[in-house]
Amino acid sequence: MKDTLQILFGLLGGLAVFIFGMNMMSECLQKAAGEKMKSILALLTKNPVMGVLAGALTTAVLQSSSATTVMAIGFVSAGLMSLPQAVSIILGANIGTTMTAQIIAFKISDYIYLFIFAGFAVSYIAKTEKAKNIGQTVFAFGLLFLGIETMGTVMKPLASSPFFINMIDKVSDIPVLGVLAGTLMTLVVQSSSATIAVLQNFASQPAADGVSSILGLAGAIPFLLGDNVGTTITALLASIGQAKDAKRTALAHCIFNLSGCFLFIWFIRPFAAVIRWISPAGPEVEVISRQIANAHTLFNLVMTLIWTPLLPYMVKIVTALVRESTRAPQPLSAPVYLDSKLTAQPAAALQLVEKETIRCGEMTEELLEEMALTVRADDAALLNSIQRNAGNARGLNEGITEYLSDLVSAGSMTEEQANEAAGILHLLSDFDRIALLCAEMADYLKDKLDKKYKYSKEAMKDLEKSFVLIGEMYQEAFGVILNGDGDREKKIRKKKEKVLELSFSMRKAHLERVSKGKCSAKLTKPFQKILNTLDRISNSCVNIADTAAEMRL
């Protein structure tokens, strides 16, 4: 009993170190890649062929096909890519995920502590963020292999256990049991890379003759197929509550792996013979880990080659299975693009934040256009609409801000990404200020309407000029966000000066009209509030342009 517990705890501890090392390596690789991740992600929205390459590259960096699949689901749900593109990324992700098994197959047990020490030393001594990330990647790489070594050590007694030998014989004779066991293991661990690492370690234990593997390649392949089936559950869970195309993307991932499992399970012996032929020669116990890695790679390559030309049919299948459904329309204040499941991938999450920020900016622009209409007509319905739309814009703003806070607190950002997040927050604060000021302006104008105040024609004409100038300022500022045009900044500052000059002349003209009895003195305070609000909106327009000039969404 004591020996059994030691094996169990050793296996769980080794698995924990392995998963921690793999997750840490993934995070540090993302940070080390920095802006290059943006280039990789840019491929995601190109075309289906490039999608396969992008899916493989992204998975190689993230060290997780599940992470790439979740990202693809988030992008297709946000409308940033089409369903065929998302499915092509899934195909590529299945190739990219085999990289982990190939790395594990290298025998570097003599150098594990060297990697751990070297990685720690570099991350501890390095001054730049990039060097620290590289050091931490090497350190995590060492931890990953330390976990593998720990699992391998505690598994050695299993090779002589009659119970396990008997169980393995049954699995070898009935491949379906191996598939079910592999699926169950991946469902529990939520990482096919981790369960394949366990499989490689277990298969590397020698049988009674000391040369053969306790499991053998033909016995390992069903477990491998089950691992591929189990990893699809993560995608299905990620699609819950998402749009129909997101569900279809997750379903495509399931179909890919299930069809592969159903196809290969009939040809395990011939498939094993092919793997032995393409793998290095040597005693089975020494080469089985590489054989399993090659089987994993070849399985996914073959299935990708089969499904890539059949991509239109895959899309038709998932579209037929997940039919169109009428969904209740989302409130305008709800984010459309943000996906909480992507906070661990800041490069992808920031792309969604940028898209949502632009949407928030467009809502603010529409508010200002509505405000300009109020000068020409006393319309209570329009003023109510402005207040309602200002509330929607502010609600969306709050949603983006909360998402950014979650993204920063996840701790996966590089310094450059953190700076970008800070810039977006700055933009959002000015969008929010403008929306709040528009709502306040609507209050002032409603008060004017209720109390039947009447401004002179000259005052209304000057107000209309101010609104036009403010609208133009905002359009120029928003243009800087979209196009990064620094020349617009100068135009905005000139218009700001005009707004100030016009504001000063309007205040002066109003006082002159009051002194001549052409305008009521009780209108001075509400008129001053309107002018002060316009001045503050113009300040926010300048702030937006200044911030946007330093960053381009």
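For the structure, see preceding data.
Criteria and cut-off values
All residue numbers refer to positions counted from 1 along the written sequence of the respective chain. Only residues with pLDDT of 70 or above have their local features reported here, since the model is predicted, and side-chain atom pairs are shown and tallied only from 80 upward, although totals for entire chains, interfaces and linings are computed over all residues. Hydrogens and water molecules were not included; the side-chain quantities draw on all heavy atoms of the structure. Secondary structure elements are taken from DSSP: a helix is a run of H or I of four residues or more, a strand is a run of E of two residues or more, and numbering for both begins at the N terminus. For every residue, the accessible area obtained with a 1.4 Å probe (protein chains only) is divided by the maximum for its type, and the residue is called buried under 20%, exposed over 50%, and partly exposed between those limits. Here, two residues are considered to be in contact whenever any of their heavy atoms come within 4.5 Å of each other. A 1.4 Å probe and the Shrake-Rupley method give the accessible areas. Residues count as covered only by the protein chains that appear here. Throughout this description, the term nonpolar core refers to a set of buried Ala, Val, Leu, Ile, Met, Phe, Trp, Tyr and Cys residues connected via side-chain atoms within 4.5 Å. Only C-alpha atoms enter the line fits that serve as axes; for helices the fit covers just the stretch in contact. Angles between N-to-C directions range over 0 to 180 degrees. By the definition adopted for this analysis, an angle is roughly parallel if under 35 degrees, roughly antiparallel if over 145, roughly perpendicular if from 65 to 115, and oblique otherwise. Handedness of a helix crossing follows the sense of rotation of the near helix relative to the far helix, less than a right angle counterclockwise being left-handed and clockwise being right-handed. Note on residue classes: Ala, Val, Leu, Ile, Met, Phe, Trp, Tyr, Cys and Pro are nonpolar, Asp, Glu, Lys and Arg are charged, and everything else, Gly too, is polar. Given the number of residues in a helix, its expected span is that number minus one, multiplied by 1.5 Å. Patch membership needs two things, relative accessible area over 30% and no salt bridge, and members are linked within 9 Å if like-charged or within 5 Å if nonpolar (Val, Leu, Ile, Met, Phe, Trp, Tyr). Every case where a carboxyl oxygen of Asp or Glu lies within 4 Å of a side-chain nitrogen of Lys or Arg is listed as a salt bridge. Aromatic contacts are taken between Phe, Tyr and Trp rings whose centres are within 6.5 Å, Trp giving its six-membered ring; a plane angle under 30 degrees counts as stacked, one over 60 as edge-to-face, and the others as tilted.

Participant: Hey, could you run me through the overall build of the protein in this one?
Facilitator: A count of helical and extended segments in the protein gives 23 helices and 0 strands. Classification of the 553 residues of the protein by burial places 54% in the buried group. For the protein, the share of sequence-separated contacts (at least 6 apart) that also reach a separation of at least 24 residues comes to 80%. When the accessible surface of the protein is summed, it comes to about 25,100 Å², and 62% of that surface belongs to carbon and sulfur atoms.

Participant: Even after reading the chapter, I still don't get the nonpolar core, so can you show me in this structure?
Facilitator: Considering soluble globular proteins, one finds that nonpolar side chains tend to be buried as a cluster. Within the largest apolar cluster, 82 residues are counted, with the highest numbers of intra-cluster contacts made by Leu342 and Phe431. The biggest single contributor to this core is helix α20 (residues 415-450), with 13 residues. Aside from chain neighbours lying at most four places away, what touches leucine 342 is Val70, Met71, Gly74, Phe75, Ala348, Ala349, Leu352, Tyr403 and Leu407. In this structure, Ala203, Ile268, Ala272 and Ala295 belong to the second largest nonpolar core, which totals 44 residues.

Participant: I tried to follow the side chain of asparagine 397 on my own but got confused; where do I start?
Facilitator: Its place among the elements puts asparagine 397 in helix α19 (residues 380-409). Assessed through its relative accessible area of 4%, asparagine 397 is described here as buried. Dropping the residues within four chain positions of it, asparagine 397 is found in contact with Cys360, Leu428, Phe431 and Asp432.

Participant: Is there a simple way to think about the packing of helix α10 (residues 175-189) against helix α11 (residues 192-203) in this case?
Facilitator: When two helices pack together, their arrangement is given by the angle between the helix axes and the distance between those axes. Between α10 and α11, the least distance of the axes is 8 Å, while the angle of their chain directions is 130°. With respect to α11, the element α10 is oriented oblique. Read as a crossing pair, α10 and α11 show a hand that is right-handed. Where α10 abuts α11, its residues Met185, Thr186 and Val189 lie against Ser192, Ala194, Thr195 and Val198. The residue inventory of the contact of α10 with α11, partitioned by class, reads 4 nonpolar, 3 polar and no charged.

Participant: Just checking my understanding: could you explain helix α4 (residues 65-77) for this structure?
Facilitator: An α-helical turn contains 3.6 residues, so a residue and the one three or four places further along point in the same direction. With 13 residues, α4 should reach 18 Å at 1.5 Å per residue; the first-to-last C-alpha distance of 18 Å fits that figure. Of all 13 residues that make up α4, 12 are buried, and the element is covered over most of its length. Looking at α4, one finds that the buried residues are Ser65, Ser66, Ala67, Thr68, Thr69, Val70, Met71, Ala72, Ile73, Gly74, Phe75 and Val76. Of the residues flanking the end of α4, it is glycine 79, one or two places downstream, whose phi is positive at about 80°.

Participant: Please explain the environment of alanine 273 as it appears in this structure.
Facilitator: Tracing the backbone through its elements, the reader meets alanine 273 in helix α15 (residues 268-278). A C-alpha to C-alpha distance of 8.9 Å links alanine 273 and alanine 218, two positions 55 residues apart in sequence.

Participant: Sorry, what's going on with a nonpolar patch on the surface here?
Facilitator: On the surface, a nonpolar cluster with roughly 760 Å² of combined accessible area is contributed by Phe262, Leu263, Trp266, Phe267, Ile306, Leu310 and Tyr313. One can find leucine 310 in the loop between α16 (284-307) and α17 (311-321).

Participant: Any chance you could explain the environment of leucine 437 here in plain terms?
Facilitator: Following the sequence through the fold, leucine 437 ends up in helix α20. Since its relative accessible area comes to 0%, leucine 437 is described here as buried. Between the C-alpha atoms of leucine 437 and arginine 536, which are 99 residues apart in sequence, the distance is 8.0 Å. Setting aside its immediate chain neighbours within four residues, leucine 437 contacts Thr533, Arg536 and Ile537.

Participant: For this particular structure, what's the right way to read the pattern of salt bridges?
Facilitator: Any two side chains of opposite charge can pair, on the condition that their charged atoms come close. Evaluated as defined, the whole model comprises 3 salt bridges. Note that aspartate 432 and arginine 394 form a salt bridge whose closest N and O atoms lie 2.9 Å from each other. Of this pair, aspartate 432 sits in helix α20 while arginine 394 sits in helix α19, and the two are 38 residues apart along the sequence. Between aspartate 430 and arginine 433 there is a salt bridge, and its shortest N-O distance comes to 2.6 Å. One end of the pair is aspartate 430 and the other is arginine 433, both in helix α20 and 3 residues apart, which spans about a single turn.

Participant: I tried to follow the packing of aromatic side chains on my own but got confused; where do I start?
Facilitator: Pairs of aromatic rings are described using the distance from one ring centre to the other and the angle between the two planes. Across all of its chains, the model carries 8 aromatic pairs by this definition. The interplanar angle of 85° and the centroid separation of 5.9 Å between the aromatic rings of phenylalanine 262 and tryptophan 266 together place this pair among those described as edge-to-face. Take phenylalanine 262: its relative accessible area is 57%, and that puts it in the exposed class. Taking relative accessible area as the criterion, tryptophan 266 reaches 61% and is therefore assigned exposed. Look at phenylalanine 264 and phenylalanine 299: their rings are 5.0 Å apart centre to centre, the planes differ by 70°, and that puts the pair in the edge-to-face class. A residue pair is termed long-range when its members are at least 10 positions apart, and phenylalanine 264 in helix α14 (residues 244-264) and phenylalanine 299 in helix α16 qualify at 35 residues. Both residues of the pair, phenylalanine 264 and phenylalanine 299, count as buried. Taken together, the ring pairs connect Phe115, Phe141 and Phe145 into an aromatic cluster.

Participant: Even after reading the chapter, I still don't get the packing of helix α12 (residues 217-230) against α16, so can you show me in this structure?
Facilitator: Viewed as axis vectors pointing N to C, α12 and α16 meet at an angle of 40°, and their least axial separation amounts to 10 Å. By the angle class used here, α12 and α16 are oblique. Pair α12 / α16 crosses with right-handed handedness. Residues Leu217, Ala220, Leu224, Leu225 and Asn228 of α12 touch α16, and the partners they reach there are Glu284, Ile288, Gln291, Ile292, Ala295, His296, Phe299 and Asn300. Classifying every residue of the contact of α12 with α16 by side-chain character gives 8 nonpolar, 4 polar and 1 charged.

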